[in-house]
Amino acid sequence: MKTEIYINEGIHESRIAIVEDGVLAELWVERPENERMVGDVFKGTVTAVLPGLQAAFIDIGLERTAFLQVRDMIEADTGETEASSGRSRGGRRGRGGYPSIQQLTRKGEELLVQIAKEPIGTKGARVTTQLSLPGRFVVLVPGGDWVGVSRKISSWGERRRLRDMVGQLRPEGYSVIVRTEGRDKTEKEFRRDLRELAKAHARMLRLSRKLPAPALLHKELGMTSSIIRDLFTDNIDRLVVDDKERYREIVAYLRQVSPELRGRVEYYRERPPIFDAFQIEEELDKVNNRMVWMRRGGSVVIDYAEAGTFIDVNSARYLGSADQEENNLNTNLEAAREIARQLRLRDIGGIIVIDFIDMNDERNRRKVVDQLIEETKRDRAKISIAPTISEFGLLEMTRQRVRPNLFHTHSEPCPTCSGTGRVMGPDTTVTKIERWLQRSYAVTRERRYVLRVHPEVALYMHENRDERLRSIRRFTKARLDVEEDGSMSPSEYRFYSLKRSLDVTSEFRI
């Protein structure tokens, strides 16, 4: 597979695109007002301890308090971490499970915490006291005395070599996880990485002693720098960047850590914008579309909700054989490939429910699940997929979520519909107006009002020679003067009392 990275440095945002075999696979966008926060370390104060949730809220100086669960306070005590064996045994305390949150912290206590998940919607950041500092080849974990090795390094001989070598280099008081990029690296390269990370942790501790809480102690690398550190490996064929200063930074960094990769970095000098020149911009225009068309005529519809993301697969314009079961299978297989790509591209996380086209043959349903599992192997996020499609044609899965998805990054809730996607019809608004007038007359006996509504609602009231308006006046005993206001939404209405010369809407609205 040919994999390329394109970096576009704009005035107000930076964008990074990963293209696999000519198809846009992943996109990162960073703006000054919403810089990435995962990995940042803060000194915070516990503002509340909640035994019922076994969690605490931490003031770290952000708009919303951070959330700390009890399991994120237990230090790992073994080298057999997920990074080395796929199993995580650290953090439990025998058959009793986790200690209670009350045993571990109290209100008013100051803690060093690291952001594990960025604020999403109305939820604050998710934090952990298990600090970790990632480098090019290793991750340094304060505390413990173990060495783990990435499970993606499959050679047992290489795993043993890395564990023994890094065990000799490991700074006192730290645990170390060897990253996948550490494969075949030398002692000199590991020593340099460990030295820089230990210095960063020492600086963080010095700041924590000086600064009062809340305070930022360590800022993780920006998006571009972290992508270069974490993703630009031997598997990347080319990296193209359109900013000269950024190009120099990347080359200087690679000169120190991976000089063999410098020849794969290119500075884009042409006049057309880089994303236009490599046909990336036209793909980005489709990223937030609700409906995604597939090559054979089928479609995938993606809907976001607070509880999760829901994906519907439709045959749409698909024309296949006369065998309906075979047509459904082919559409579902193509959809599985497209859904896996869209999850990465849009960075969709949390609970995901997929409504595939119904198939009668259990073997066909198994093929679709296997196809989705295979396609998601390229995804670096942690993914869990249900083993079977339910009898209703639904497949449940989860994908690791650490930041808001691309749709929420690029958009805001609609001020008219409040994010629901629908607004009340004029008949519903008129019904609410009638009930308001009934409540008002029962209390005040007041009858004369000016009513301001959206033009569509005013038109609805004036239809058929003001029939609806006359029926309202007759039924509520009110004398209404209706005025149009284009700045209002179709579900809004405002009442102004002629007797009192003020807006009285809130007095009788429920």
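Look a little higher up for the structure.
Residues numbered from 1 in each chain as written. Predicted model: local features only at pLDDT ≥ 70, side-chain atom pairs only at ≥ 80, totals over all residues. Heavy atoms only, no water.

A general feature of soluble globular proteins is that nonpolar side chains tend to end up buried together. If you look at the biggest cluster of nonpolar residues, it comprises 26 residues, and the most contacted ones within it are Val 300, Ile 311, Ile 339, Ile 354, Phe 356 and Leu 372. Elements with a minimum of two residues in this core: β17 (299-304), β18 (309-314), α9 (324-346), β19 (350-355), α10 (362-375) and β21 (394-399). Here the element with the most residues in this core is α9; it accounts for seven residues. Aside from chain neighbours lying at most four places away, what touches Ile 354 is Ile 311, Val 313, Ile 339, Leu 372, Gly 393, Leu 394, Leu 395 and Met 397. In this structure, Val 178, Leu 197, Met 204 and Leu 217 belong to the second largest nonpolar core, which totals 25 residues. (Core = buried A, V, L, I, M, F, W, Y, C linked by side-chain atoms within 4.5 Å. Buried < 20%, exposed > 50% of the residue type's maximum accessible area, 1.4 Å probe, protein only. Helix = DSSP H or I, 4+ residues; strand = E, 2+ residues; numbered from the N terminus. Contact = heavy atoms within 4.5 Å.)

With an omega of 0 degrees, the peptide bond running from Ala 213 to Pro 214 counts as cis. Phi is positive for Asp 347, close to 55 degrees, though the residue is something other than glycine. Within the element layout of this structure, Asp 347 appears in the loop between α9 and β19. According to the relative accessible area criterion, Asp 347 is buried, its value standing at 19%. Positive phi values are uncommon outside glycine, yet Arg 445 reaches one of about 60 degrees. Within the secondary structure, Arg 445 sits in the loop between α12 (426-444) and β22 (448-453). Classification of Arg 445 as exposed rests on a relative accessible area of 55%.

A separate point is the sheet that holds strand β25 (residues 502-503). Taken together, four strands build an open sheet; the order of strands is β23-β22-β24-β25 and the sheet is mixed. Two strands bound the open sheet, and with one partner strand each, they are β23 (479-484) and β25. Its contacts with the sheet place α12 against β22, β23 and β24 (493-497), and it is angled at close to 30 degrees to β24. (Pairing = 2+ DSSP bridges. Axes fitted to C-alpha atoms, helices over the stretch in contact; angles between N-to-C directions.)

It is worth spelling out the packing of aromatic side chains at this point. Two numbers describe a pair of aromatic rings. These are the distance of the centres and the angle of the planes. Following the criterion strictly, the structure yields 10 aromatic pairs and no others. Between Trp 436 and Phe 495 the ring centres are 3.8 Å apart and the planes differ by 5 degrees, which places this aromatic pair in the stacked class. Remark: Phe 495 occurs in strand β24 and Trp 436 occurs in helix α12; sequence separation between them is 59 residues. By relative accessible area, which is 0% here, Trp 436 ends up buried. The buried category is assigned to Phe 495, whose relative accessible area is 0%. Where Trp 436 meets Phe 508, the ring centres are 5.5 Å apart and the plane angle is 85 degrees; that geometry is what we call edge-to-face. With a gap of 72 residues between them, Trp 436 in helix α12 and Phe 508 in the segment after β25 connect regions that are remote in the sequence. Note on Phe 508: relative accessible area 11%, which makes it buried. Put simply, the rings of Trp 436, Tyr 449, Tyr 493, Phe 495 and Phe 508 touch in pairs and so form one group of aromatic residues. (Phe/Tyr/Trp six-rings, centres within 6.5 Å; stacked < 30°, edge-to-face > 60°.)

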